[in-house]
Amino acid sequence: EFCCDKNSNLGKTAPNDCRVVRLTEKMNMATEEGYQMAKQEILKAGNECLLWGAIPCTGGCPWQAINEKLPGGEEKMRQHLVLFNDLWHNFSKLARLCRSLGGRVAIEWPRQCRYWKEPKVESLIESLGLEKAYLDGCHYGLVDHAGTPIKKPWTIATNDIALHEELDMKKCPGAKTHHKHAQCSNTTAKASAFYPDKMCHAIHKAWRKSCENEAQCAKAFAATMMNQLTQCEIEDAPEMPRKRLGI
């Protein structure tokens, strides 16, 4: 889990047979040391790795257009972009490594995040064949401290078919069920960075399905190869000499 909190819900809700490696702010994924640490974990996991990218979206938030005009706003924005560029540089290398080993990649940001339009982000999405899933936080039970639903539209780009199928089009159930939404800003926005438990369970469910499908495909492939090898051995076996029978 690239760029997450040390107590991330995705890690808390993981089943016993799923190992979640939290790559936190303290580990500093923007550095070479952080990159090497993450790289080793991906190499260990191989084709059973799902690299989940949760790079901070602060610099890509639409509100920054207003914040930039406040005193010190331009400098803060510059710092946000510097951090994003450093994190993305390392994440993109890790994503390509993960994919080359047969693993999967997922990138999560709010739907309106301007980072989605960054050329380097679009380039990685295209080169890795990521498809976007669209979902709303309130569908999975995201609420504020008073229990009011928070819509929070998310987009998750992934090349994992099961994950995409599980999350895509899980939208707000509508005004009859959620007649009011809390605004996602300030403290509410910070709290919403922790995925709802229901959403985390959906992610783990999809990843389990993906791993099981992968295992079944590998088993079927191995059986096919074994049958082919056996057939080749039979066809290539030398003909045994025959004895002449005396009359």
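Let me sum up the structure you'll find in this document. In every chain, residue numbers begin from 1 and rise along the written sequence. Only residues with pLDDT of at least 70 are given local features in this predicted model, and only at 80 or more are side-chain atom pairs given and counted; all residues enter the totals for whole chains, interfaces and linings. Processing note: side-chain calculations cover all non-hydrogen atoms of the structure and skip hydrogens and water entirely.

### Structural notes on the overall build of the protein
(1) Moving on: In terms of regular secondary structure, the protein is built from eight helices and six strands.
(2) Moving on: In the protein, the order of α-helices and β-strands from amino to carboxyl end is β-α-β-α-β-α-α-β-α-β-β-α-α-α.
(3) Moving on: Remark: exposure states derive from per-residue accessible area (1.4 Å probe, protein chains only) relative to the maximum for the residue type, with buried under 20%, exposed over 50%, and partly exposed in between. Expressed as a percentage of its 247 residues, the buried residues of the protein come to 38%.
(4) Moving on: Contacts between residues were defined by any pair of non-hydrogen atoms, one from each residue, lying within 4.5 Å. Sequence-distant contacts in the protein: of pairs separated by 6 or more residues, those separated by 24 or more amount to 72%.
(5) Moving on: For the area figures, the Shrake-Rupley method with a 1.4 Å probe applies, and any residue is considered shielded solely by the protein chains shown. About 15300 Å² of surface is accessible on the protein, with carbon and sulfur atoms providing 54% of the total. In this text, helices come from DSSP runs of H or I with a minimum length of four residues, and strands from runs of E with a minimum of two, each type numbered from the N-terminal end.

### Some points on the packing of helix H2 (residues 32-45) against helix H4 (residues 73-100)
(1) Moving on: Fitted lines through C-alpha atoms serve as axes, helices being fitted only where they are in contact, and the angles separating the N-to-C directions of these axes extend from 0 to 180 degrees. Following both chains from N to C, one finds H2 and H4 inclined at 15°, their axes separated by 10 Å at the closest point. Classed by the angle they form, the pair H2 and H4 counts as roughly parallel. Pair H2 / H4 crosses with right-handed handedness. When H2 is examined against H4, the residues Glu32, Tyr35, Ala38, Lys39, Ile42 and Leu43 are found in contact with a partner set consisting of Asn90, Lys93, Leu94, Leu97 and Cys98. By the definition adopted for this analysis, an angle is roughly parallel if under 35 degrees, roughly antiparallel if over 145, roughly perpendicular if from 65 to 115, and oblique otherwise. In this scheme, a crossing is called left-handed if the near helix is turned counterclockwise away from the far one by less than a right angle; it is called right-handed if the turn is clockwise.

### Topic: the packing of aromatic side chains
(1) Moving on: The rule is short: rings of Phe, Tyr and Trp, with Trp giving its six-membered ring, pair when the centres are within 6.5 Å, and they are stacked under 30 degrees, edge-to-face over 60, tilted in between. Counting across every chain of the model gives ten aromatic pairs.
(2) Moving on: Here the aromatic rings of Trp88 and Phe91 are separated by 5.5 Å at their centres, their planes lie at 40°, and the arrangement is tilted. Residue Trp88 and its partner Phe91 are both found in helix H4; the two are separated by three residues, about one turn of the helix.
(3) Moving on: Among the residues examined, Trp88 registers a relative accessible area of 4% and is labelled buried.
(4) Moving on: A residue is classified by how much of its surface remains accessible, and Phe91, at 0% relative accessible area, is buried.
(5) Moving on: Measuring from centroid to centroid gives 5.1 Å for Trp109 and Trp116, while their planes differ by 80°, and the two rings are edge-to-face.
(6) Moving on: Here Trp116 falls in the buried class, since its relative accessible area comes to 4%.

### With respect to the nonpolar core
Within soluble globular proteins, side chains that are nonpolar generally end up buried alongside one another.
(1) Moving on: Only buried residues count toward a nonpolar core, which is a set of Ala, Val, Leu, Ile, Met, Phe, Trp, Tyr and Cys residues joined through side-chain atoms within 4.5 Å. Judged by nonpolar contacts, the single largest core of 30 residues is most densely connected at Phe2, Ile55, Trp88, Phe91, Ile107 and Trp109.
(2) Moving on: A per-element tally of this core places H4 first, with eight residues.
(3) Moving on: Not counting chain neighbours up to four residues away, the residues in contact with Ile107 comprise Gly53, Trp88, Phe91, Trp116, Leu124, Leu130, Thr155, Ile156 and Ala157.
(4) Moving on: Leu10, Ala106, Leu135 and Ile150 belong to the second largest nonpolar core, which has 23 residues in total.

### Quick look at the pairing of strand E4 (residues 104-110)
(1) Moving on: Of all seven residues that make up E4, seven are buried, and the element is covered over most of its length.
(2) Moving on: Here the rule is simple: two strands pair whenever DSSP picks up at least two bridges between them. Note: strand E3 (residues 50-53) against E4, four bridges, orientation parallel. Bridging from a neighbouring strand, Gly53 pairs with Ile107 of E4.
(3) Moving on: Pairing of E4 with strand E6 (residues 153-158), which is carried by five bridges, proceeds in the antiparallel orientation. Bridge assignment links Pro110 to a residue of E6, and that residue is Trp154.

### A word on the packing of H4 against helix H5 (residues 119-128)
(1) Moving on: Running from amino to carboxyl end, H4 crosses H5 at an angle of 5°, the nearest separation of the two axes being 11 Å. Of the possible angle classes, the one that applies to H4 and H5 is roughly parallel. Touching Phe84, Asn85, Trp88, Phe91, Ser92, Ala95, Arg96 and Arg99 of H4 are Lys120, Val121, Leu124, Ser127 and Leu128, all from H5.
(2) Moving on: Looking at side-chain class alone, the contact of H4 with H5 contains seven nonpolar, three polar and three charged residues. The residue classification treats Ala, Val, Leu, Ile, Met, Phe, Trp, Tyr, Cys and Pro as nonpolar and Asp, Glu, Lys and Arg as charged. All others, Gly included, are polar.

### Let's talk about H4
(1) Moving on: The length a helix should cover is 1.5 Å for every residue beyond the first. The first and last C-alpha atoms of H4 sit 40 Å apart over 28 residues, in line with the 40 Å expected at 1.5 Å per residue.
(2) Moving on: The complete set of buried residues in H4 reads Gly73, Met77, Phe84, Leu87, Trp88, Asn90, Phe91, Ser92, Leu94, Ala95, Leu97 and Cys98.

### Re the environment of Gln112
(1) Moving on: Structurally, Gln112 is set in the loop between E4 and H5.
(2) Moving on: Overall, Gln112 belongs to the exposed group, its relative accessible area being 58%.

### Quick look at H5
(1) Moving on: Of all the residues in H5, the buried ones are Val121, Leu124, Ile125 and Leu128. For H5, the angular spread of buried residues about the axis comes to 100°, placing them on one side. In H5, the exposed positions angled more than 90 degrees off the buried face are occupied by Pro119 and Glu126.
(2) Moving on: Positive phi appears at Gly129, one or two residues downstream of H5, with a value of about 70°. Directions drawn from the helix axis to the C-beta atoms are what define this arc.

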